[in-house]
Structures are given as C-alpha cells and as structure tokens.
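Chain by chain, the residues:
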Amino acid sequence: MSEFLTIGEPVVTFMSKDADASLIDTINYFKLLGGAELNVAIGVQRLGHTTEYVSRLGADPLGGYAKKQILEHGVGTTFVTEDADNWTGFQLKQMVTTGDPQTFNYRTGSAAAHLSADVLDDVKLDDVKIAHMSGIFPALSETSNKAFRHLMDRLVAADKLITFDPNLRPALWNDDARMIREINEFAKSADIILPGSNEGKILMGSEDPKDIADFYLNQSERTKVVIVKVGPAGAYVQTRDAEGFMVPGFKVAKVVDTVGAGDGFALGVITALLEDKSLRAAAMRGNAVGALQVQTPGDNDGYPTPAQLAAFYAAEGVSED
Ligand SMILES: Nc1ncnc2c1ncn2[C@@H]1O[C@H](COP(=O)(O)OP(=O)(O)O)[C@@H](O)[C@H]1O
Ligand SMILES: O=C(O)C(=O)C[C@H](O)[C@H](O)COP(=O)(O)O
C-alpha cells in the first residue's frame, strides 16, 4: 500500500484548440486527462511518493484511455475497477486567453458515479500517511456520496491525516444549499482544509482568508490547519495556536490555463508534509506547483518532478526552509 490515497472520478477533457472560441463553434480539440483528485495523485507520484487512487471506469475507449494514462503516470490502480454498464465521464473545456475557461460536464450516471461504499472495505489503510478528499466526488451521485462518507469514516477511525479541498462544483450538486451544508460538514473531519478565497464567499460568506480560517478552525476540534488559496497572490496559512501568515505567490510570464492550479497547490502542500517540511514550506511549494501549472494547457502537465521543482526554486532565488 502507498503513502498517499485519494478517491475520485477521472475526467477525460476535450479542450478546444481555438483560443477564445465558444464551445458551440469549436470543432478541433486536444484530448487530455484531468479529474481533480487524480491530478493530485499524478503530481504526488511525480514528486517521488507512492500513491493509490480509488475509482471506477467505464469499459469504453475513454475508460481505456484513462487507465492507460493513470498507469503511465505510475499512480496505483489496485482500486480502479471497471464498470461494464456505465460510461466514463468527460468534459469539454474552452481555451481562453484571460480568466477561467468555461467547462461543460458529461458525467451524470458515469461509471465513477456508481462507485459504491462496499468496495471501500478492501482498501487497506495501514501505510497511508495522507489521504486527500475533495468535494467533487460526493457531488456525483447519492451512491458516490455514501461511498465518500464511508471512506471518510474509515480514515477518521484509523486516525489518518486528512486533507480536504472543497472544490465547489455547483453544476454537479444542482442544489447550492445542500452543497454548502455538506461541504462544511465534510470539512469537520479534515485535519487540513484547503479552500479558495472565492469558495469562502459561498461557503461561509466571506472572502477574507482570516475569516475563512477562523470559521473552519472553530467548527471542528479535528481541524488543525487552514490554508486559503488567494490566486496569484499566494496563500494564507493559519493554525489553531499561532498568528496566521501569508506566503506570497510567484509571478508568471503568461497564464495559459488556470485549471489544475488548485490541485497543484494541494499536491505541493501534501508532498512537502510527507517530507516533514514546515507549513510555510508546504504553502510555498503549493504556490510553486500552482504557478507552474497555470503555464500549461492541460490539467496536470505542469506538475514538476523533484528536479523541475528545484530548478524553479533556483530560478526564483528561493528555497523551502
Ligand atoms: N496567475 C497565477 N500566477 C501565479 N500563481 C498562480 C496563479 N493562479 C494560481 N496560482 C497559484 O495556484 C494556487 C491555486 O490557485 P487558485 O486559483 O487560488 O486555486 P483554485 O483553482 O482552487 O481556485 C494559488 O494559491 C497560487 O499559488
Ligand atoms: O471539474 C472537475 O470536476 C474536474 O475534476 C476537472 C479538473 O481537472 C479539475 O476541476 C481541476 O481543478 P482545479 O485544480 O481546482 O482547477
């Protein structure tokens, strides 16, 4: 078993080749593989740690593509099962020259939405040091919602370190009030919460990183750290017993695509903690991976190897500790 565990849906992404064209008019697409939790697993593996990914794929060409890619990235597939009756989810994504791209999901009733709680009892947790949970998987279906809760309960019972990214996807939840209620409830089981400041506005009514951190630290004894992502400005780190602090982001020459930056941030934090680095160093690595990712078109192609991360730090004239 591996140091890192996550559960989620791989999302085959068709990204428009025509910058700023509407998805209605685009006819040429790149085919990429994304999926928030898989992005994190790919990046954790690329930085030299062992990973295991729990998921379910359709027995279709997109499922075959996803499986091939996951194997090529070296992410553990012991718990990636095949579903003969349901297809693999996919997404259309714009290419934009400014701002966030529009995405359109075709994943209702997907294979991953049929991943049920019973298969999770086979997942061995003994060697897991960090489990990463995101708010996307429980939004897929009632079945995935139950499965997510079951894994979360097992992780809490085994006293594993849990990171949680709210990853708000209102289009998947179809019910904003339920999304807010459940995401904040899931956050109570997490040791480390990684919201974006824009998500704070929806989840607890403020974009102020300190308000967001206070909200999550106050709602659960278990939560020890909140790191709020504030886009290009970087991240704000707060623990229960010390003053919060900002860790500034890195300036990039050109933003190509912002998707995958939040997952990049998460994997930077997670790998630094697996290597016993400080919270400041972890947030700095999160910022570095986020900055590298926004400069590439795919959802996880900017995530660095250890050598690429070292080269980035050297070029920036900084070091982690
Ligand atoms: N334009 C950018 N330039 C440099 N770094 C960025 C940029 N956008 C995002 N990042 C980095 O990626 C991290 C996550 O991005 P953000 O957009 O805040 O997350 P999310 O996608 O979850 O909303 C940020 O905290 C920052 O470190
Ligand atoms: O939208 C979904 O459901 C996906 O899983 C596809 C993407 O790969 C992630 O959304 C990227 O997430 P960010 O790193 O927060 O930009």
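Residues numbered from 1 in each chain as written. Chains lettered and ligands numbered in written order. Predicted model: local features only at pLDDT ≥ 70, side-chain atom pairs only at ≥ 80, totals over all residues. Heavy atoms only, no water.

- The name recorded for the chain in an unreviewed UniProt entry is KdgK_2 protein, from Weissella cibaria.
- What the UniProt record of the chain gives under Sequence similarities (unreviewed entry) is the line "Belongs to the carbohydrate kinase PfkB family." (UniProt positions renumbered as here; feature names shortened; annotations may be inferred.)

**Focus on the sheet that holds strand 7 (residues 103–106)**
Step number 1: The strand order across the open sheet formed by four strands is 3-2-6-7, and the pairing between neighbours is mixed. In this open sheet, the two strands that pair with only one neighbour each are strand 3 (29–34) and strand 7. Recorded for the sheet is a direction-independent mean angle of 25° between the axes of neighbouring strands.
Step number 2: In terms of strand pairing, strand 2 (residues 11–19) meets strand 3 through six bridges, oriented antiparallel. The residue bridging V11 from the neighbouring strand is G34, located in strand 3.
Step number 3: Running over the sheet, helix 2 (residues 61–72) touches strand 2, strand 3 and strand 6 (90–95) and is turned about 60° from strand 3. (Pairing = 2+ DSSP bridges. Helix = DSSP H or I, 4+ residues; strand = E, 2+ residues; numbered from the N terminus. Axes fitted to C-alpha atoms, helices over the stretch in contact; angles between N-to-C directions. Contact = heavy atoms within 4.5 Å.)

**Side note on the site of ligand 2**
Step number 1: Neighbouring ligand 2 are 16 residues; A36, R107, R169, G260 and D299 lie closest to it.
Step number 2: Take N39: an N or O atom from its side chain is 3.0 Å from an oxygen atom of ligand 2.
Step number 3: A distance of 2.7 Å is found between an oxygen atom of ligand 2 and a side-chain nitrogen or oxygen belonging to D299.
Step number 4: Considering ligand 2 on its own, with 400 Å² of exposed area, one finds that the protein chains cover 89% of that surface.
Step number 5: Of all the secondary structure elements, the ones that give two or more residues to the shell around ligand 2 are helix 1 (36–46) and helix 8 (261–274).
Step number 6: For the shell around ligand 2, a count of residues per class yields five nonpolar, seven polar and four charged. (Near = heavy atom within 4 Å. Polar contact = N/O pair within 3.5 Å; in protein donor to acceptor, adjacent residues only side chain to side chain. Areas by Shrake-Rupley, 256 points an atom, 1.4 Å probe, with all protein chains shown as cover. Nonpolar A, V, L, I, M, F, W, Y, C, P; charged D, E, K, R; others polar.)

**Observations regarding the packing of aromatic side chains**
Step number 1: Evaluation of the coordinates by the stated rule reveals seven aromatic pairs.
Step number 2: Between the aromatic rings of F14 and F90, the centroid separation amounts to 5.8 Å while the plane-to-plane angle is 85°, which identifies the pairing as edge-to-face. Here F14 is found in strand 2, whereas its partner F90 is found in strand 6, with 76 residues between them in sequence.
Step number 3: Consider the rings of F250 and F312, whose centres lie 5.0 Å apart with planes at 80°: the pair is edge-to-face. Separated by 62 residues along the polypeptide, F250 in the loop between strand 13 (245–248) and helix 8 and F312 in helix 10 (residues 306–316) bring together distant segments of the chain.
Step number 4: By the ring-pair criterion, three or more aromatic residues cluster together here, those being F14, F90, F104 and Y106. (Phe/Tyr/Trp six-rings, centres within 6.5 Å; stacked < 30°, edge-to-face > 60°.)

**Notes on the packing of helix 6 (residues 197–204) against helix 7 (residues 209–219)**
Step number 1: Packing of helix 6 against helix 7 leaves a shortest axis separation of 10 Å and a crossing angle of 55°. It follows from the interaxial angle that helix 6 and helix 7 lie oblique. You can see that helix 6 and helix 7 cross each other, and the crossing is left-handed. Contact residues: helix 6 offers S197, G200, L203 and M204, while helix 7 offers D211, I212, F215 and Y216. (Parallel < 35°, antiparallel > 145°, perpendicular 65-115°, else oblique. Left-handed = near helix turned anticlockwise from the far one by under 90°.)

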